[in-house]
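Observations on chain architecture
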Amino acid sequence: MPITDWLTERVACYLDVPARDIDPTTPLAEIGIDSVSALSLCGEVEERWRIPADATLVFDYPTIAEIAGYLAGELAPQAAAS
């Protein structure tokens, strides 16, 4: 599952809305992600991809698209090594 799709599914779960209703370019704060959900998402990112996800990830990269871009960059060296 591509990173953007996975993030969209997780955010939809936190908001209890269908994933199709989530626009990956809309800031998460605007669609209702609070600090508790943001921290939980960071924990899920760490668990899913086994990379450190700073608690400020959602604030440094405020949209799903931006988080996905960041994660793709972080995961590229791992993919190249395998």
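Residues numbered from 1 in each chain as written. Predicted model: local features only at pLDDT ≥ 70, side-chain atom pairs only at ≥ 80, totals over all residues. Heavy atoms only, no water.

Thoughts on the nonpolar core
Core analysis: the biggest nonpolar cluster contains 23 residues, and Leu7, Val45, Trp49 and Leu71 have the highest contact counts within it. Only helix H1 (3-15), helix H3 (35-49), helix H4 (57-60) and helix H5 (64-81) provide two or more residues apiece to this core. (Core = buried A, V, L, I, M, F, W, Y, C linked by side-chain atoms within 4.5 Å. Buried < 20%, exposed > 50% of the residue type's maximum accessible area, 1.4 Å probe, protein only. Helix = DSSP H or I, 4+ residues; strand = E, 2+ residues; numbered from the N terminus.)

Considerations on the confidence of the model for the protein
Per-residue pLDDT for the protein averages 92, and the proportion of residues at 70 or more is 93%. When the elements of the protein are averaged for pLDDT, H5 gives the smallest value, 85, and H1 the largest, 97. (pLDDT = per-residue confidence, 0-100.)

Topic: the packing of aromatic side chains
Applying the stated criterion across every chain yields a total of 2 aromatic pairs. Seen in terms of ring centroids, Trp6 and Trp49 are 4.7 Å apart; in terms of plane orientation they differ by 75°. Their pairing is edge-to-face. Of this pair, Trp6 sits in helix H1 while Trp49 sits in helix H3; the two residues are 43 residues apart in sequence, bridging distant segments of the chain. In this structure Trp6 comes out as buried when scored by relative accessible area, which is 10%. Geometrically, the ring pair formed by Tyr61 and Tyr70 is stacked, given 4.6 Å between the ring centres and 25° between the ring planes. (Phe/Tyr/Trp six-rings, centres within 6.5 Å; stacked < 30°, edge-to-face > 60°.)

Some remarks on the environment of Thr4
Note on placement: Thr4 falls in helix H1. Judged by relative accessible area, which is 29%, Thr4 ranks as partly exposed. As for Thr4 and Glu30, which are separated by 26 residues in sequence, their C-alpha atoms are 18 Å apart. With residues near it in sequence (within four places) discarded, Thr4 still touches Pro24, Ile64 and Ala68. (Contact = heavy atoms within 4.5 Å.)

Some thoughts on the pattern of salt bridges
This structure, assessed with the given rule, holds 1 salt bridge. Between Glu44 and Arg10 there is a salt bridge, with its nearest N and O atoms 2.5 Å apart. Of this pair, Glu44 sits in helix H3 while Arg10 sits in helix H1; the two residues are 34 residues apart in sequence, bridging distant segments of the chain. Owing to a relative accessible area of 22%, Glu44 belongs among the partly exposed residues under this scheme. (Salt bridge = Lys/Arg side-chain N within 4 Å of Asp/Glu carboxyl O.)

Structural notes on the side chain of Thr63
As for its position among the elements, Thr63 is in the loop between H4 and H5. A polar atom in the side chain of Thr63 sits 3.0 Å from the backbone nitrogen of Glu66. (Polar contact = N/O pair within 3.5 Å; in protein donor to acceptor, adjacent residues only side chain to side chain.)

Quick notes on unusual backbone geometry
Positive phi values are uncommon outside glycine, yet Asp16 reaches one of about 55°. Along the polypeptide, Asp16 turns up in the loop between H1 and helix H2 (28-31). According to the relative accessible area criterion, Asp16 is exposed, its value standing at 71%. Phi is positive for Arg50, close to 55°, though the residue is something other than glycine. Relative to the helices and strands, Arg50 resides in the loop between H3 and H4. Exposure remark for Arg50: the relative accessible area of 69% places this residue in the exposed category.

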